[in-house]
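# Commentary on secondary and tertiary structure
Listed below, chain by chain, are the residues.
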Amino acid sequence: QKEVEQDPGPLSVPEGAIVSLNCTYSNSAFQYFMWYRQYSRKGPELLMYTYSSGNKEDGRFTAQVDKSSKYISLFIRDSQPSDSATYLCAMRPGGGGADGLTFGKGTHLIIQP
Amino acid sequence: EPEVTQTPSHQVTQMGQEVILRCVPISNHLYFYWYRQILGQKVEFLVSFYNNEISEKSEIFDDQFSVERPDGSNFTLKIRSTKLEDSAMYFCASGASDENQPQHFGDGTRLSIL
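What comes next concerns the included structure.

How each quantity is defined
- For every chain, the first residue of the written sequence is number 1, and numbering continues from 1 onward in sequence order.
- For naming, the first written chain is A and the first written ligand is 1, with later ones following in the order written.
- Reporting of local features is limited, given that this is a predicted model, to residues whose pLDDT is at least 70; pairs of side-chain atoms are given and counted only at 80 or more, and all residues count toward the totals for whole chains, interfaces and linings.
- With hydrogens and water excluded, all non-hydrogen atoms of the structure serve as input to the side-chain values.
- Helical segments are the DSSP runs of H or I of at least four residues, strand segments are the runs of E of at least two, and each set is numbered from the N terminus.
- Each radius of gyration is computed over the set of C-alpha atoms, and the globule rule expresses the reference value as 2.2 Å times the number of residues to the power 0.38.
- Each residue gets one of three labels from its accessible area relative to the maximum for its type: buried under 20%, exposed over 50%, partly exposed in between, using a 1.4 Å probe on protein chains only.
- Working rule for contacts: check all heavy atoms of both residues, and any pair within 4.5 Å makes them a contact.
- Here the accessible surface of atoms and residues is derived via Shrake-Rupley with a 1.4 Å probe, and residues count as covered only by protein chains that are part of the display.
- Accessible area that two parts lose when put together, evaluated with a 1.4 Å probe and summed over both, is termed the buried area.
- Salt bridge, as used here, is a side-chain nitrogen of Lys or Arg placed within 4 Å of a carboxyl oxygen of Asp or Glu.
- We define a polar contact as two N or O atoms separated by no more than 3.5 Å, with the added condition that, inside protein, one atom must be a possible hydrogen donor and the other a possible acceptor, whereas residues neighbouring each other in sequence contribute only through side-chain atom pairs.
- Any two strands with at least two DSSP-identified bridges between them are counted as paired.
- To qualify as a nonpolar core, a set must consist of buried Ala, Val, Leu, Ile, Met, Phe, Trp, Tyr and Cys residues joined through side-chain atoms within 4.5 Å.
- Two cysteine sulfur atoms form a disulfide, by the criterion used here, when they sit within 2.5 Å.

### Some remarks on the overall build of chain B
- If you tally the helices and strands in chain B, you get zero helices and 11 strands.
- When its helices and strands are written in sequence order, chain B yields β-β-β-β-β-β-β-β-β-β-β.
- For 114 residues, the compact-globule estimate of 2.2 N^0.38 gives 13 Å, and the C-alpha radius of gyration of chain B, at 13 Å, lies within 12% of that figure.
- Dimensions of chain B, computed from C-alpha atoms along their principal axes, come out at roughly 40 × 30 × 30 Å.
- Residues counted as buried form 44% of the 114 residues belonging to chain B.
- Pairs at least 24 residues apart make up 53% of the contacts formed inside chain B by residues separated by at least 6 positions.
- Of the roughly 5,800 Å² of accessible surface on chain B, 44% is carried by carbon and sulfur atoms.

Here is the structure:
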């Protein structure tokens, strides 16, 4: 069983739509959750960083964590063509900054003008 | 905004040769990492480095690989006896001194082994 599952897409939506991106995981040791955005030929860019179950909002982005279901989501409101990118979920156990991140495969998002 | 810088952006090397990938982490960060992304696959953790020594490493990080912080600003990944399957994007990341802070990534070095 893969540690982190993420639908690779592509996911194509019209401009202005609400986008929902999701990851599931199997390892209950994961305590810290991140969403990164990756443009072509660029490195992952941190969007959201969460620890607790519940919601965290930053501008048009909302990250949601449900540890009981081992399920995390990223919502993008009022989506823009510039949001077109690959979105990576990542997670790590708690307790140490030395822990490497475990990534999902990424969802390729296309926002149609 | 501070950023992680990686050089070169693209490295082409003959199979069997040694290659050194370079990174300048964010200046006040104390945790350093290398990741690999083979084309079409997930980003994979290789190694973390703290206080001038390896903290964690994955199964991928075998004797072919080594890391070093040769001075106060650079962090390097050396790959010896390169193989075709080492072709990938290699990302450096750094994290602040607070161990619960997120990791920030550079734009990567694309390594092509011929």
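### Some remarks on the interface of chain B and chain A
- Opposite the 23 residues of chain B that make contact, chain A presents 22 residues.
- Both sides together, the interface formed by chain B and chain A hides about 1,900 Å², and carbon and sulfur atoms give 52% of it.
- Counting across the chain B and chain A interface gives one salt bridge.
- D107 of chain B is the partner of K42 of chain A in a salt bridge, and the nearest nitrogen-oxygen pair spans 3.5 Å.
- Run the count over chain B and chain A and you get nine residue pairs in polar contact (both at pLDDT 80 or more).
- Secondary-structure elements contributing two or more residues to the side of chain B that touches chain A are β4 (31-37), β5 (43-50), β6 (53-57) and β10 (103-105) of chain B.
- Here the side of chain B that touches chain A gets four residues from one element, more than from any other, and that element is β4 of chain B.

### Describing the pattern of salt bridges
- Scanning the model with the defined rule gives five salt bridges over all chains in all.
- Among the ionic pairs, E57 of chain A bridges to R77 of chain A, the shortest N-O distance being 3.5 Å. On the criterion of sequence distance, the pair formed by E57 of chain A in strand β6 (residues 54-58) and R77 of chain A in the loop between β8 (71-76) and β9 (85-93) is long-range, its members being 20 residues apart.
- The closest approach of N and O atoms between E44 of chain B and R36 of chain B, which form a salt bridge, is 3.4 Å.
- Given a relative accessible area of 24%, E44 of chain B falls into the partly exposed group.
- Judged by relative accessible area, which is 10%, R36 of chain B ranks as buried.

### What to know about the pairing of β6 of chain B
Residues and elements named next belong to chain B.
- In this sheet, β6 lies alongside β5 in antiparallel orientation, the contact comprising four bridges. Across the sheet, residue F49 finds its bridge partner in β6, namely I54.
- In sequence, β5 turns back onto β6 through a hairpin of two residues, with N51 there showing a positive phi of about 55°.

### Observations concerning the nonpolar core
- Ranked by size, the top nonpolar core spans 23 residues in total, and within it W35, I72, L74, I76, Y87 and M91 of chain A carry the most contacts.
- Elements supplying a minimum of two residues to this core: β3 (19-25), β4 (30-38), β5 (45-50), β7 (61-66), β8, β9 and β11 (107-112) of chain A.
- Beyond its immediate stretch of four places on either side in the chain, I76 of chain A contacts A17, I18, V19, L21, R60, F61, D83, Y87 and L109 of chain A.
- In this structure, V19, F75, A88 and Y90 of chain B belong to the second largest nonpolar core, which totals 21 residues.

### Observations concerning the state of the cysteines
- Applying the stated rule across the entire model yields two disulfides over all chains.
- One disulfide in the model links C23 of chain A with C89 of chain A; its S-S distance is 2.0 Å. Across the S-S bond linking C23 of chain A and C89 of chain A, the dihedral sits near -100°, which makes this disulfide left-handed. Here the residue C23 of chain A occupies a position in strand β3, and C89 of chain A occupies one in strand β9, the gap between them amounting to 66 residues. With respect to burial, C23 of chain A and C89 of chain A carry one shared label: buried.
- Disulfide partner of C23 of chain B: C92 of chain B, at an S-S distance of 2.0 Å. Given an S-S torsion of about -65°, the disulfide between C23 of chain B and C92 of chain B has left-handed geometry.

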